[in-house]
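# Analysis of the macromolecular model
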Amino acid sequence: MANTARTQYCGEVDETLSTQQVTLCGWVHRRRDHGGVIFIDLRDREGVVQVVFNPEQAEMFAMAEGLRNEFVIQVTGSVKLRPDGMINDKIRSGKIEVVADAITILNTAVPPPFMLDEHQQVSEEVRLKYRYMDLRRPDMMAKFKLRAAVCRVMRDYFNAEGFLDVETPVLTKATPEGARDYLVPSRTHPGEFFALPQSPQLFKQLLMVSGFDRYYQIVKCFRDEDLRLDRQPEFTQLDVEASFVDEAQIQAWTEGLMVKIFKEVMQLELSGPFERMTYAEAMQRYGSDKPDLRVPLEFVDIADLMQSVEFKVFSQPANDAGSRVVALKVPGGADISRKEIDGYTKFAGIYGAKGLAYIKVNDLSAGQDGLQSPIIKFLTPDVVDGIVKRVDAKTGDIIFFGADKAKVVNEALGALRVKIGHERGLAEKAWRFLWVTNFPMFEYSDGRYYAMHHPFTQPDAKTEDIDPATTTARAYDLVLNGFELGGGSVRIHDQTMQDAVFKLLGLSEEEAKDKFGFFLDALKHGCPPHAGIAFGIDRIAMLLTESDSIRDVIAFPKTQTASCPLTNAPQAVDSKQLLELGIKVNKPAGEKVHG
C-alpha cells in the first residue's frame, strides 16, 4: 500500500524550500507537454504548484504521460527556482517548480463534468449535482476557508468573554415563530411529532433561568419557508444570550465581535461605534428596515403636496393613512433613457407597483418648460414647484415617484433605490454597519396582532401601559450593506408581562399553557433579566466573500425549490417505514405514490 504521507501542501511550497526535497499529494489540475518535458499543475486545498517530469526517467515519464485531469497522485521531487521569464507572481509557488523524482497514482478519475476554471460558466443545477467537484474550485475553497475563519473568531471571542458553548435539542416541540416547522414523526409515540428548531430561542432563555449566565452556540436551524438568494431551509446561526445585561451590552459585544472578524479575517480596521437608527426613521428615509447606507438616495414624503390634486393616482393615497406618496431624486439621472425607465417600471412591478411616474429636470432655469414628464399635465404649477424645491432638484436630475399602500411603496421604491444607486455608481465602496432599533412590538394583519419579532421580546412599556398599535419593542437588528446580519432583543423575564403579551396576541390561557407551559413555569422559578442576539453565519460569509448567494458558502445547499440535486432529496420513503410511523401519504391527484 502506498505511503501517502506528505511534507507540505502544494500551495505552500515556495522559494524558501529551494533545493529541498518535498512529497506532495493532490489532484492533477492541468497537464502540459512542452518539447519533450511534461508539466503538471498539482492542486490541493492550499493552491497549486508546478511539477516537472523529465524524459530521462522513462518509467516515471510514461506514467506522467497517462495522467489526466483530477487524477489523484503523490509526487516526490526537488524544489528548484524557475528560470527567468517563467515566474508567476500571482501565486505563492510561482517562483519555483518541483522536479519530480517519483510519482504514485493514488486514484484515477473519469472526465470531469466541467473544468475547474473559476471563470468558466456552469449552470447552478450542474454545479450542485456534482457539488464535490464544484467545491474543488480554488475560489470555492477560498470561500469555505474564510467561513471557517469567521467561525473560529466567533468561538475565540465569546470564549474569551466568559461565554459557555452549550448545545440545545434538535428534536423539540413545534412552536409558532412566524414560519412553518419541519416536522419529524415519532415512532415511539404514534401520531405525534417532533419539530426541528427554527431557533434555540426558548432553550437559551431556559439556560438563563438555569444560571448559565452567558451562553453561545453555533447551531443549525430549520424553517420550511419560501426561499430567496439569502435563505435556505436549513441554515447556521451564532446564537448568544446573557443574563443581567441590557441591549447596550449586547450591542457592545456584537461590535467587538465584528471588529475582531474584520481585523483577523479581512485585515480591515473598523471604526465604532456603529451607526444607529430607529425603525421609524429607516422606513421613512429608505422604505426598508435594513437599508443599504452605501446608497445616498433617500425618500422624500410629498403626500401633503398631493392631497388636493385632481390626479387620483396621487391624491387617493395622499389622503389615505395607510398609504404613502414619496419622491426619490436621482442626481444626474436625467440621462436615463425611456427604455431604462421602462425596465425600472417592470422591476418596481415585481413588488406590486402599478407604474413608475417620473419628472426629468432638463433645465431648472427654464421653469416648467425645462421639465419633462408624462404626469406634469395632471399637476398644478405650484405642486410641481413644491416637489422640485422639496427634493432640492438640480438641472440634470430625475425624480421618481411612489404612490400606493405604504408596503408597496416601501418595497418597490426601496428596491429601486438600491438598484439605481448601484447601477449608476452612486454607492459608496465601504462596509456600512447599522443598528436598527425601536421596532414596533406588534404588527396588525387579518384582524389580529402578531409579534413583529417573537412573543418573548420585552415591550418598551410597563405591563399596564402596552398599546399594541404604538408600543415599541426593546429589539435591535444589525444591518450590513442592506442585509440583516442578526437580530435580538431584551427578553421578557416576568410571567405577568409574558401573560399580557400572549393575551394581546390572542392566545388564551389554555393555548399558552399548551404551547409554552414548560417555559411559563420556568419564569416562576427566579428568571433573571436577560437579552440576546443571533447572527446568520451563512449570510455573513456570503457578504464577506462577495458571493451572489448563500448557496455559494454552504457546502451542500438546497435549490430554490428546497431540493438537493446531489442526493435527489427529498424522496418518497418505503411503505414499510411509513407503516411503522403510522403515516399514510395522500398525494395530489395525478401524482404517483412510491412505496
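For the structure, see preceding data.
In this report, we go over the structure that sits alongside the text. In this text the structure is predicted, and so the values were computed from the model without any measurement.

### Comments concerning the layout of surface pockets
Unfilled space is identified by rolling a water-sized probe across the atoms. There is about 910 Å³ of room inside the second largest pocket. Elements represented by at least two residues in the lining of the second largest pocket include exactly β7 (183–185) and α16 (575–581). Residues that form the lining of the second largest pocket fall into these classes: 18 nonpolar, three polar and three charged.

### Side note on the sheet that holds strand β12 (residues 299–301)
Strand order in the open sheet made by the five strands is β12-β13-β16-β14-β15, with antiparallel pairing throughout. Only two strands of the sheet have a single neighbouring strand rather than two, namely β12 and β15 (371–372). Note that β12 and strand β13 (residues 323–330) share three bridges and pair antiparallel. Its bridge partner being in β13, F299 is matched across the sheet by L328.

### Thoughts on the sheet that holds strand β1 (residues 21–34)
What the five strands build is a closed barrel, ordered β1-β2-β3-β5-β4; its pairing is mixed. Pairs of neighbouring strands in the sheet enclose a mean axial angle of 55°, with direction left out of account. Two strands pair when backbone bridges link them, and β1 and strand β2 (residues 37–44) are joined in this way by seven bridges, in the antiparallel orientation. Counterpart to H34 in the pairing with β2 is V37. Those strands touched by helix α1 (residues 58–65) are β1, β2, β3 (47–53) and β5 (96–107), and its axis lies near 75° from that of β5.

### Description of the nonpolar core
Formed by 43 residues in total, the largest nonpolar core has its most connected members in L238, L257, M258, I261, F433 and F535. If you tally residues by element for this core, the top one is helix α4 (residues 138–160), at eight residues. Among residues more than four places away in sequence, those in contact with I261 are V150, V153, M154, M266 and L544. Membership of the second largest hydrophobic core comes to 24 residues, among which are V22, L42, V51 and L67.

### Concerning helix α10 (residues 338–349)
Under the 1.5 Å per step criterion, the end-to-end length of α10 is 16 Å for twelve residues, consistent within 8% with the ideal 16 Å. Those residues of α10 that fall on the buried side of the exposure criterion are I341, Y344, F347 and A348. Down the axis of α10, the sector holding all buried residues measures 115°, keeping them to one side. Exposed residues lying more than 90 degrees from the buried face of α10 are R338, K339 and K346. Next to the buried residues of α10 lie β14 (358–361), β16 (398–405) and α12 (406–423).

### Let's talk about α1
For an α-helix, the turn length of 3.6 residues means that residues three or four places apart are oriented alike. Of all the positions in α1, only M60, F61 and A64 are classed as buried. All buried residues of α1 lie within an arc of 100° about the axis, which places them on one face of the element. Exposed residues on α1 whose side chains face more than 90 degrees from its buried face are A58 and E59. Where α1 is buried, its residues contact β1, β2, β3 and β5.

### Thoughts on the environment of P374
When you line up the elements, P374 lands in the loop between β15 and α11 (381–390). Exposure remark for P374: the relative accessible area of 41% places this residue in the partly exposed category. Between the C-alpha atoms of P374 and M542, which are 168 residues apart in sequence, the distance is 42 Å.

### Things to note about the pairing of strand β20 (residues 475–480)
For β20, a buried count of six out of six residues is recorded, marking the element as mostly surrounded by other parts of the structure. Burial of the side chains of β20 extends over both faces: A475, D477 and V479 are buried on one face and Y476, L478 and L480 on the other. Bridge analysis of strand β17 (residues 433–437) against β20 gives five bridges, and the strand direction is antiparallel. By the bridge assignment for β20, T437 is matched with Y476. As consecutive antiparallel partners, β20 and strand β21 (residues 483–490) are separated by two residues, and within that stretch N481 has a phi angle of approximately 50°, a positive value.

### Focus: the packing of α4 against helix α6 (residues 247–264)
The N-to-C vectors of α4 and α6 enclose an angle of 135°; their axes lie 10 Å apart at closest approach. By the angle between their axes, α4 is oblique relative to α6. For the element pair α4 and α6, the recorded crossing hand is right-handed. In contact with V150, R152, V153, M154, D156, Y157 and F158 of α4, α6 contributes A252, W253, G256, L257, K260, I261 and E264. Partitioned by chemical class, the residues of the contact of α4 with α6 number nine nonpolar, one polar and four charged.

### Some remarks on the packing of aromatic side chains
Across all of its chains, the model carries 21 aromatic pairs by this definition. With centroids separated by 4.9 Å and ring planes inclined at 65°, the aromatic side chains of Y444 and Y449 adopt a geometry described as edge-to-face. Taking relative accessible area as the criterion, Y449 reaches 23% and is therefore assigned partly exposed. Among the aromatic residues, ring-to-ring pairing joins Y157, F158, F163, Y216 and W253 into one connected group. Above the face of the F347 ring, K419 is positioned so that its terminal group lies 5.0 Å from the ring centre.

### What to know about the pattern of salt bridges
A pair can form between side chains of opposite charge whenever their charged atoms are brought close. Scanning all chains against the criterion turns up 42 salt bridges. For K220, the salt bridge identified is with E234, shortest N-O distance 3.3 Å. Of this pair, K220 sits in strand β9 (residues 214–222) while E234 sits in strand β10 (residues 234–243), and the two are 14 residues apart along the sequence. By relative accessible area, K220 is classed as partly exposed at 37%. E275 is paired through a salt bridge with R432; the nearest N and O atoms lie 2.8 Å apart. In this pair, E275 is assigned in strand β11 (residues 275–278) and R432 in the loop between α12 and β17, connecting sequence segments 157 residues apart.

What counts, and at which threshold
- Residue numbers here run from 1 along each chain, matching the order of that chain's written sequence.
- Side-chain atom pairs in this predicted model are given and counted only at pLDDT of 80 or more, local residue features only at pLDDT of at least 70, and totals for whole chains, interfaces and linings cover all residues.
- Side-chain calculation: all heavy atoms of the structure are included, whereas hydrogens and water are not.
- Grid spacing is 1 Å over the protein atoms alone, the probe is 1.4 Å, and a cavity is where that probe fits but cannot get out, while a pocket is an open set with protein on both sides within 12 Å along at least five of seven lines and lining residues have an atom within 4 Å of a point.
- Grid points are joined across faces, edges and corners, and a volume is the space filled by probe spheres set on the points.
- Note on conventions: DSSP H or I runs of at least 4 residues are helices, E runs of at least 2 residues are strands, and numbering of each starts at the N terminus.
- Following the grouping adopted for this structure description, the nonpolar residues are Ala, Val, Leu, Ile, Met, Phe, Trp, Tyr, Cys and Pro, the charged ones are Asp, Glu, Lys and Arg, and the polar ones are all others, Gly among them.
- We call two strands paired when DSSP finds no fewer than two bridges between them.
- With axes taken as lines fitted to C-alpha atoms, and helix axes fitted only over the stretch in contact, angles between N-to-C directions fall between 0 and 180 degrees.
- Should any heavy atoms of two residues lie within 4.5 Å, those residues are counted as being in contact.
- Note on terminology: a nonpolar core comprises buried Ala, Val, Leu, Ile, Met, Phe, Trp, Tyr and Cys residues joined through side-chain atoms within 4.5 Å.
- Only protein chains enter the accessibility calculation, which uses a 1.4 Å probe. A residue is then buried if its area is under 20% of the maximum for its type, exposed if over 50%, and partly exposed in between.
- Take the number of residues in a helix, subtract one, and multiply by 1.5 Å to get its expected span.
- Arc definition: directions from the helix axis to the C-beta atoms.
- The cut-offs work like this: below 35 degrees is roughly parallel, past 145 is roughly antiparallel, 65 to 115 is roughly perpendicular, and the gaps in between are oblique.
- By convention, the crossing between two helices is left-handed when the near helix turns anticlockwise from the far helix through less than a right angle, and right-handed when the turn is clockwise.
- Between 30 and 60 degrees the pair is tilted, below 30 it is stacked and above 60 it is edge-to-face, where a pair is any two Phe, Tyr or Trp rings, Trp via its six-membered ring, whose centres lie within 6.5 Å.
- Geometrically, a charge over a ring is one whose NZ (Lys) or CZ (Arg) sits within 6 Å of the ring centre while staying within 35 degrees of the ring normal.
- Should a side-chain nitrogen of Lys or Arg be within 4 Å of a carboxyl oxygen of Asp or Glu, the pair is scored as a salt bridge.

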